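Read off the chains here:
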Amino acid sequence: MSESRGEQDIAPGDVLVPTLDVVRRLSIAALRRMLDTAGAADHMPTWLEILHADGRRGTAELAERLMRRNESVRRESQRVELLFEARRLLFARGLRHVAGVDEVGVGPLAGPVVAAAVVLPEYVDLPGLDDSKKLTAATRTRLAAAIHDQAIGVAIAEVSPAEIDFLNVRRASLEAMRRAVESLVARIQVDHVMVDAHSIPSISIPQTPLIHGDSLDGSIAAASIVAKVHRDGLMQSLERTHPGYGFARHMGYGTAEHLAALRDLGASPIHRRSFAPVAAVVGR
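Fair warning: this is a prediction, and the values are worked out from it, not measured in the lab.

1. Topic: the sheet that holds strand S2 (residues 113-119)
Turning to step 1, where the next piece is worked out: Strand order in the open sheet formed by 5 strands is S3-S2-S1-S4-S5, and the pairing between neighbours is mixed. Every other strand in the sheet has two partners, leaving strand S3 (153-159) and strand S5 (207-210) as the edge strands with one partner each. With direction set aside, neighbouring strand axes in the sheet form an average angle of 20 degrees.
Turning to step 2, where the next piece is worked out: In terms of strand pairing, strand S1 (residues 98-104) meets strand S4 (residues 192-196) through 4 bridges, oriented parallel. Bridging across to S4, Val98 finds its partner in His192.

The following block contains the structure:
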């Protein structure tokens with residue numbers, strides 16, 4: 001039996017509810033493109049029945065591929081659901097708005113510390129949600145956009161390099177998180193805060209610090225992604241105003257490229273002068 005019963009090709013998404021007649025007129029390649037569209041999985045039972053009825057070896061292989069893909073989606077949905085287990089317990093106590101809070105940018109030699117506070121709705125659609133450090137830049141960007149779209153509230157706060165030098169970086173990271181929470185509270189009611197690792201000083205809202213919270217809690221993971229994408233975008237912009245350091249590539253971290261630029265160019269206005277590699281350049 002021929003693997004191709006006509007090369008009629010249609011754009012992905014044109015037919016999401018298949019019929020046996022349509023499937024039999026399409027090539028295996030065209031069917032594969034259709035099954036790669038976002039909406040195809042919504043009609044999985046129909047697709048599986050018709051692909052098996054078609055009789056071609058290629059359509060049987062596509063059916064197996066579709067089942068494996070949907071099993072992967074199911075497992076990912078369960079994983080993300082488990083990230084919100086602690087929040088479900090808070091919801092059961094009658095709380096409505098639970099914020100996740102995290103900061104990024106503690107280690108770099110340049111640029112601000114950035115924190116984000118995020119309140120997500122009870123039901124989210126965020127496949128791939130995880131600690132920002134475990135994700136690719138493209139995945140972080142996709143998820144940050146989805147978080148902004150779905151969130152009940154998002155707030156971002158920065159603590160400048162000069163403030164970091166004055167406060168020390170640990171206190172600066174706590175201050176960034178405090179500012180993010182206060183900004184969020186000014187716009188929406190926040191009943192509880194889930195925060196990565198540390199308790200945030202000087203806020204009146206009950207909070208739960210979680211060690212490795214950005215890996216364990218969905219709201220904190222969302223905050224880590226939003227903060228990371230915001231800070232990376234800021235460092236890319238700062239590369240244009242302070243060229244030569246490579247900020248758009250290393251985001252201010254102490255890479256070999258960055259240390260060499262520091263030695264050649266000296267410290268820029270956005271460098272943290274209290275950090276040893278920068279202090280060594282400034283003091284020579």
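2. Comments concerning the packing of aromatic side chains
Turning to step 1, where the next piece is worked out: For the coordinates displayed, the defined rule picks out 1 aromatic pair.
Turning to step 2, where the next piece is worked out: Between Tyr245 and Phe247 the ring centres are 5.2 Å apart and the planes differ by 15 degrees, which places this aromatic pair in the stacked class.
Turning to step 3, where the next piece is worked out: Under the relative-accessibility criterion, Tyr245 is labelled buried at 6%.

3. Considering the nonpolar core
Turning to step 1, where the next piece is worked out: Grouped together as the largest cluster of nonpolar side chains are 30 residues, with contacts concentrated most on Val101, Met177, Val181, Leu184, Val190, Val193 and Ile200.
Turning to step 2, where the next piece is worked out: For this core, the elements supplying multiple residues, two or more each, are S1, S2, S3, helix H7 (161-167), helix H8 (169-185), S4 and helix H13 (276-282).
Turning to step 3, where the next piece is worked out: Sorting elements by how many residues they give to this core places H8 first, with 7 residues.
Turning to step 4, where the next piece is worked out: Among all residues touching Val181, those that are not within four sequence positions of it are Val101, Ala117, Val193, Ile200, Ile203 and Ile205.
Turning to step 5, where the next piece is worked out: Of all hydrophobic cores here, the second largest spans 23 residues; its members include Leu83, Val104, Ala221 and Ala222.

4. Remarks on the side chain of Asp131
Turning to step 1, where the next piece is worked out: If you trace the backbone, Asp131 turns up in the loop between S2 and helix H6 (137-150).
Turning to step 2, where the next piece is worked out: Other than its neighbours up to four places away in sequence, Asp131 contacts Asp214, Ser215, Ala221 and Ser224.

5. Some thoughts on the side chain of Arg140
Turning to step 1, where the next piece is worked out: Its place among the elements puts Arg140 in helix H6.
Turning to step 2, where the next piece is worked out: A relative accessible area of 11% places Arg140 in the buried class.
Turning to step 3, where the next piece is worked out: There is a polar contact of 2.7 Å between the side chain of Arg140 and the backbone oxygen of Leu135.
Turning to step 4, where the next piece is worked out: Beyond its immediate sequence surroundings of up to four residues, Arg140 is in contact with Ser132, Leu135, Ile225, Lys228, Val229 and Asp232.

6. Some remarks on the environment of Ala197
Turning to step 1, where the next piece is worked out: Note on placement: Ala197 falls in the loop between S4 and S5.
Turning to step 2, where the next piece is worked out: In the structure, Ala197 is positioned 11 residues away from Thr208 in sequence and 9.0 Å away in space, judged by C-alpha atoms.
Turning to step 3, where the next piece is worked out: In contact with Ala197, not counting residues within four places along its chain, are Pro209, Leu210 and Ile211.

7. Thoughts on the pairing of S1
Turning to step 1, where the next piece is worked out: With 7 of 7 residues buried, S1 lies mostly within the body of the structure.
Turning to step 2, where the next piece is worked out: Alternating residues of S1 divide into Val98, Gly100, Asp102 and Val104 and Ala99, Val101 and Glu103, and every residue in both groups is buried.
Turning to step 3, where the next piece is worked out: Where S1 meets S2, 6 bridges bridge the pair, whose relative direction is antiparallel. Considered in S2, the bridge of Ala99 is made with Val119.

Rules used in this analysis
- Residues numbered from 1 in each chain as written.
- Predicted model: local features only at pLDDT ≥ 70, side-chain atom pairs only at ≥ 80, totals over all residues.
- Heavy atoms only, no water.
- Pairing = 2+ DSSP bridges.
- Helix = DSSP H or I, 4+ residues; strand = E, 2+ residues; numbered from the N terminus.
- Axes fitted to C-alpha atoms, helices over the stretch in contact; angles between N-to-C directions.
- Phe/Tyr/Trp six-rings, centres within 6.5 Å; stacked < 30°, edge-to-face > 60°.
- Buried < 20%, exposed > 50% of the residue type's maximum accessible area, 1.4 Å probe, protein only.
- Core = buried A, V, L, I, M, F, W, Y, C linked by side-chain atoms within 4.5 Å.
- Contact = heavy atoms within 4.5 Å.
- Polar contact = N/O pair within 3.5 Å; in protein donor to acceptor, adjacent residues only side chain to side chain.

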